[in-house]
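For reference, the chains in residue letters:
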Amino acid sequence: MFNHDLGIKVRLGRDPYLLAWGLRFLRQCTPARKRANTLPKLRLAFYSRDSINALSEETGIAYDDRRKGILYLSRSRESLDAAARNYGFLADHGLPIEIVDPERMAELDPGLAAARRHFAGAVYSPTDQTGDSRLFTTRLAAYAGERLGVDFRYGTMVEGLDIEADRVRAVRTDAGLFSADSIVLAMGPESGLLGRRHGLDLPIYPVKGYAATIPLEDESRGPTMGGADEDRYVAYSRLGNRLRLSCTAEFTGFDRSFGPKNFAAMFRTAHELFPGAFDEAKAELWAGLRPMMPRSVPVIGRARYSNLYLDTGHGHLGWTLAAGSGRLLADLIAGRAPEIDTDGLLYRN
Ligand SMILES: Cc1cc2nc3c(=O)[nH]c(=O)nc-3n(C[C@H](O)[C@H](O)[C@H](O)COP(=O)(O)OP(=O)(O)OC[C@H]3O[C@@H](n4cnc5c(N)ncnc54)[C@H](O)[C@@H]3O)c2cc1C
């Protein structure tokens, strides 16, 4: 909380909602709660990986994906041991992992040859994947519009829900009323604001993060697979001939603004990891809000009204969990049996 270079910032002062959220978060910080929250997420993550692979095969959508695994890098023996314990828990529940030394790290990803001396080792997760979420979603939307007749209304603001008895009669927007057989609330952190106005217990807090996407000047110096510098909270992925970096968790409300200073520590770490690979002046910068639940497990399923559903609160894992969450919710709405065990995943109000 006090070392800003590490990229975790909390502004408790004027935000009573953050205090309330923080108390609920602290209640989840026990070994027992951690286990109970991690297992449903892991199940959903496996399902999502299979679902996105099936979906990209079925639709032919290319999204600069790589299926070479991810390296979680540790700078000290201590942090490697802690990572091995954490990932060991996931390994016990089906995620293959390998603890690797710096030589093997650089063998797996030659892009880390120069930086390996800064590290004690890494956890290698060979079945993890990376890809460009923006490319995937924009191409999926184009496919759905052209091939499936989906009608997207971009730039339309949802203002509230009109409730009649136990149903949502209509969604109120700045472009008029929309009614539907089923309505899915999936507005990121704003889902919490709307949900609470209609009596849902939806404690979602916006956790801000920054991302930079940069063309590689020298592709041979860039990473060949995804990774994360676990001690600096900087994640990276290789998207075609681009490098995407992300970092920082700021608990500072709904502010989405950003400036060069927010990226300085991230670029310093990335230059150390991949010296000579990129020119930060060419970076495309972005800031976003992670819709974070205190349990860090998304909320999926029917909520309070007979035709209202939730698919929200995915926190820092919305891309990882997206395809499986969508498929699970589609099955629930259609009255089909879900393909995975839903224990710990369904919304309860
Ligand atoms: C820097 C950063 C890095 C990340 N990296 C990863 C990663 O590596 N892997 C991973 O799995 N996840 C990652 N995430 C998390 C991931 O981005 C989120 O979990 C995901 O975007 C959540 O998706 P969502 O559709 O629920 O919400 P959002 O992406 O926030 O989408 C919600 C949508 O609802 C719209 N909306 C909101 N209010 C209204 C309204 N009133 N009317 C109409 N529309 C509205 C918004 O405009 C938005 O388009 C990262 C997040 C950040 C910020």
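Preceding this paragraph is the structure being described.
Here the structure is a predicted model, which is why all the values come from computation and not from measurement.

Rules and cut-offs
- Residues numbered from 1 in each chain as written.
- Predicted model: local features only at pLDDT ≥ 70, side-chain atom pairs only at ≥ 80, totals over all residues.
- Heavy atoms only, no water.
- Near = heavy atom within 4 Å.
- Polar contact = N/O pair within 3.5 Å; in protein donor to acceptor, adjacent residues only side chain to side chain.
- Areas by Shrake-Rupley, 256 points an atom, 1.4 Å probe, with all protein chains shown as cover.
- Helix = DSSP H or I, 4+ residues; strand = E, 2+ residues; numbered from the N terminus.
- Nonpolar A, V, L, I, M, F, W, Y, C, P; charged D, E, K, R; others polar.
- Buried < 20%, exposed > 50% of the residue type's maximum accessible area, 1.4 Å probe, protein only.
- Contact = heavy atoms within 4.5 Å.

**Brief notes about the site of the ligand**
Close contacts around the ligand come from 21 residues, with Val158, Gly315, Gly318, Trp319 and Thr320 the closest. Between an oxygen atom of the ligand and a main-chain N or O atom of glycine 315, the distance comes to 2.6 Å. Leucine 317 has a polar backbone atom sitting 3.4 Å from an oxygen atom of the ligand. Burial of the ligand by the protein amounts to 66% of the accessible area it has alone, namely 990 Å². Elements represented by at least two residues in the shell around the ligand include exactly β9 (205–215) and β13 (284–292). Ranked by the residues each element gives to the shell around the ligand, the list is headed by β13, at 4 residues. Looking at side-chain class alone, the shell around the ligand contains 10 nonpolar, 9 polar and 2 charged residues.

**Quick word on the side chain of threonine 213**
As for its position among the elements, threonine 213 is in strand β9. A relative accessible area of 11% places threonine 213 in the buried class. Reaching out from threonine 213, the side chain makes a polar contact with the side chain of arginine 244 at a distance of 2.9 Å. Beyond its immediate sequence surroundings of up to four residues, threonine 213 is in contact with Arg242, Leu243, Arg244, Lys282, Ala283 and Glu284.

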